Structure formats: C-alpha cells, structure tokens
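A closer look at the structure
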Amino acid sequence: MKVPNRIQPLVDDGLVDEVISRLMSGKEADVYVVRCGDETRCAKVYKEASKRSFKQAVVYQEGRRVRNSRSARAMEKGSKYGRKQHEEVWQSTEVDALFKLAAAGVRVPRPYVCLDGVLLMELVTDADGNVAPRLNDMAFSHEQALADHAKVIGYVVRMLCAGLIHGDLSEFNVLVDSQGPVIIDLPQVVDAAANNQARAMLERDVNNMRNYYGIYAPELLKTNYAREMWALYEDGKLTPQSELTGQFEESREAIDLDAVLDEIASAEEEAYARQARMKAEQEDSY
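The present account deals with the structure reproduced in this document. Here the structure is a predicted model, which is why all the values come from computation and not from measurement.

Another point: the pairing of strand 4 (residues 111-115). In the sheet, strand 4 pairs with strand 5 (residues 118-122) via four bridges, with the strands oriented antiparallel. In the strand pairing of strand 5, Cys114 is matched with Leu119. From the end of strand 4 to the start of strand 5, which pair antiparallel, there are two residues, and Asp116 there has a positive phi angle of about 50°.

As structure tokens, then:
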C-alpha cells in the first residue's frame, strides 16, 4: 500500500522497508503492519491531540513528571511550545512504559523506536503467524478462562509493583497469542503513587478483566482482587510473588480522626515547602 505521510520519515531512514496494510484505527492512533528487513512489525501512528477521541486525558496525565522546568511551565500555560511538549510526553509515556513493564515481567509488545510520533514495535501474532486476536474476539473453556485471568492479574500486580496502572484495561486492550494474554495500548498509563484517581482506575481495570473472564468462569464474579492488591500496595507489602486470594473485607476499625487531620496538615506543609523549593529553583535557573 501507499506509505502514509507520517511513516515516510522511517522509510527514508531505513527503519521501514514496506507498509503492508492498515491494521486498525483507534481513539489515539492508527496502526499499520510494516516490513523491516526480514521481520514483520507494526507502526503505531499517534494522532494529534485535536484528532484524538480519548476522553479525560488530563485525568491520566496527573502526576506525570517533566524534568525540564521550562517545558513544565510551558505545558501549564498551554503555549504552542507547551502543547508540543504535551504531545511528546503523551507519546514517550507509552514507550517508557513498554520498556519498564517488559523488564518487570509483564507481557507487552517489544518496542524498537519512536520517531516523529510513530512507534515501531513488535507485531504480536498467533501460532500461524497471523495477527493475534483481541481478547473480546475469543471464547474460552472454564479452565482456560481461569488460567488466563490468573495471568492477567499477575501482570497487573507486576505493573503496580513497578508503580504503574494501565488505566484503560479491557478486553479490547489485550491480545491473545499462543502463550496467552499480551497487554497493549499504554499511552494513558497512570503513576500509581502520584495520581489521585489511581485506586479507582486500578479497580476499573481489574474489574473489567473479572467481568469478561467471568462470562466463562462465573465464580470470578465474586472476587475482589483490585482492593486486595491495593491494600497490600498501600501497606508496602505487594510484591510480584504476592499470592492473592481474590477475597477482601474492608477494615471495620474505628478511624482516628485526629490522626487523619494531623496527616493532612503535615502533607499540606510538605506540599507548600516543595512548591517553595521548586519556585526557588526556577528563579535560580533564569
């Protein structure tokens, strides 16, 4: 097929030899099957912000760190340079997450390079070499549903141990190859420690998986893995080897309101002090 304009720079640089077909068009990117030498890979072409239909992007971006203070200020002001930096951060977030999660033992597509808003990465295929199907296109036996659900929960635990939450995990963002589930689509990945909506997003991700696999293994519908793993995470006890039961009961202990208020006051003082330090550092940088 004709080479899309956004992929042409990769062809010019010798990173892509041929665009074979268009694989899909999503809310934040278009994906193409490409040939790179003897290998078949995929090229994810990120859409510009004005053309993306991903809702509430600002919620997912909360807590993301920008090392360059000039870029951070520009992004806050919404200047043309700031909008450009927003786009670069949005795109680099997925690349960084893919490398980090692969190192943590999570099955994700292997990334190769991201150039001018195009991410070149592994094409996940089935046993016959065809593009692997999405989870929502699969049917499972009771035993296979339990086994694959356990794998996905294990990946979510490893993600959380690495400080990340997918944020949009569903049967549409999981591929299934001969070895089982592969998690995809991570530009909206959430910082578990810095995003106020982290717990809610984790619960939604985990419950989406529970509800889908629960179609084939109804006993999963009674589980509560999300709150169990979040409680362990908050206590600093969650590890990739944590053995979860899927059972969780909220604590019924009386809340020490004075202690909570003291913690809030202490956090506010730390926040003010941090802001003062950042302001001083920015002034020194001029």
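Here the narrative resumes, following the displayed structure.
The final tally for this structure, using the stated rule, is five aromatic pairs. The interplanar angle of 70° and the centroid separation of 5.7 Å between the aromatic rings of Phe140 and Tyr216 together place this pair among those described as edge-to-face. Of this pair, Phe140 sits in the loop between strand 5 and helix 5 (142-161) while Tyr216 sits in the loop between helix 6 (198-213) and helix 7 (225-234), and the two are 76 residues apart along the sequence. Here the aromatic cluster, defined as three or more aromatic residues joined through ring pairs, consists of Phe140, Tyr212, Tyr213 and Tyr216. Between Arg41 and the ring centre of Tyr112, over which it is positioned, the NZ or CZ distance is 3.7 Å.

Our next topic: unusual backbone geometry. Positive phi outside glycine occurs at Asp116, with the angle close to 50°. Here Asp116 shows up in the loop between strand 4 and strand 5. Positive phi outside glycine occurs at Asp185, with the angle close to 60°. Mapped onto the elements of the fold, Asp185 is located in the loop between strand 8 (180-183) and strand 9 (190-191). For Asp185, a relative accessible area of 16% gives the class buried.

It is worth spelling out the nonpolar core at this point. Ranked by size, the top nonpolar core spans 50 residues in total, and within it Ile165 and Met229 carry the most contacts. When residues in this core are grouped by element, the largest group, eight residues, is from helix 5. Grouped together as the second largest cluster of nonpolar side chains are eleven residues, Val16, Cys36, Val45 and Val118 included.

To continue, consider the pairing of strand 2 (residues 29-36). Most of strand 2 sits out of view: seven of its eight residues are buried. Pairing of strand 1 (residues 18-25) with strand 2 involves six bridges; the strand directions are antiparallel. Across the sheet, residue Ser21 finds its bridge partner in strand 2, namely Val33. Linking strand 1 to strand 2, which pair antiparallel, is a turn of three residues. Joining the antiparallel neighbours strand 2 and strand 3 (residues 39-46) is a turn of two residues, in which Gly37 adopts a positive phi near 65°.

Bringing the packing of helix 6 against helix 7 into the picture now. Contact geometry for helix 6 and helix 7: axes closest at 8 Å, N-to-C directions at 140°. Judged by the angle between their axes, helix 6 and helix 7 are oblique. Here helix 6 and helix 7 pass one another in a crossing that is right-handed. Between helix 6 and helix 7, the contacting residues are Ala198, Arg199, Leu202, Glu203, Val206 and Asn207 on the first element and Tyr225, Ala226, Arg227, Met229 and Trp230 on the second. For the contact of helix 6 with helix 7, the per-class residue count stands at seven nonpolar, one polar and three charged.

Next up on the list: the state of the cysteines. Throughout the structure, instances matching the rule amount to zero disulfides. We note that Cys36 lacks a disulfide partner, and the nearest cysteine sulfur, in Cys42, lies 9.4 Å from it. A relative accessible area of 11% means that Cys36 is categorised as buried.

Okay, the packing of helix 5 against helix 6 next. Relative to each other, helix 5 and helix 6 sit at 170°, their axes nearing to 10 Å. Taken together, the axes of helix 5 and helix 6 are roughly antiparallel relative to one another. Contact with helix 5, carried on its side by Ala145, Asp148, His149, Val152, Ile153, Val156 and Leu160, involves Leu202, Val206, Met209, Arg210 and Tyr213 of helix 6 and no other residues of that element. Split by residue class, the contact of helix 5 with helix 6 holds nine nonpolar, one polar and two charged.

Right, let's get into the environment of Ser25. Here Ser25 shows up in strand 1. Residues Ser25 and Lys47, spaced 22 residues apart in sequence, show a C-alpha to C-alpha distance of 9.9 Å. Discounting residues that sit within four places of it in the chain, Ser25 has contacts with Asp30 and Lys47. Polar contacts involving the side chain of Ser25 include one to the side chain of Arg22, which spans 3.3 Å. Within the structure, the side chain of Ser25 is placed 2.6 Å from the side chain of Asp30, a separation counted as a polar contact.

Right, let's talk about empty space enclosed by the protein for a bit. Applying the stated criterion to the full structure yields one cavity of 30 Å³ or more. The volume enclosed by the largest cavity comes to roughly 40 Å³. The wall of the largest cavity is formed by Val156, Met159, Leu160, Leu164, Ile165, His166, Leu169, Leu202 and Asp205. Looking at the lining of the largest cavity, the elements with two or more residues in it are helix 5, strand 6 (164-165) and helix 6. Residues that form the lining of the largest cavity fall into these classes: seven nonpolar, one polar and one charged.

So, how was this worked out
Residues numbered from 1 in each chain as written. Predicted model: local features only at pLDDT ≥ 70, side-chain atom pairs only at ≥ 80, totals over all residues. Heavy atoms only, no water. Pairing = 2+ DSSP bridges. Helix = DSSP H or I, 4+ residues; strand = E, 2+ residues; numbered from the N terminus. Phe/Tyr/Trp six-rings, centres within 6.5 Å; stacked < 30°, edge-to-face > 60°. Lys NZ or Arg CZ within 6 Å of the ring centre and 35° of its normal. Buried < 20%, exposed > 50% of the residue type's maximum accessible area, 1.4 Å probe, protein only. Core = buried A, V, L, I, M, F, W, Y, C linked by side-chain atoms within 4.5 Å. Axes fitted to C-alpha atoms, helices over the stretch in contact; angles between N-to-C directions. Parallel < 35°, antiparallel > 145°, perpendicular 65-115°, else oblique. Left-handed = near helix turned anticlockwise from the far one by under 90°. Contact = heavy atoms within 4.5 Å. Nonpolar A, V, L, I, M, F, W, Y, C, P; charged D, E, K, R; others polar. Disulfide = S-S within 2.5 Å. Polar contact = N/O pair within 3.5 Å; in protein donor to acceptor, adjacent residues only side chain to side chain. 1 Å grid on protein atoms, 1.4 Å probe; cavity = no way out; pocket = protein on both sides within 12 Å on 5 of 7 lines; lining within 4 Å. Points joined across faces, edges and corners; volume = space filled by probe spheres on them.

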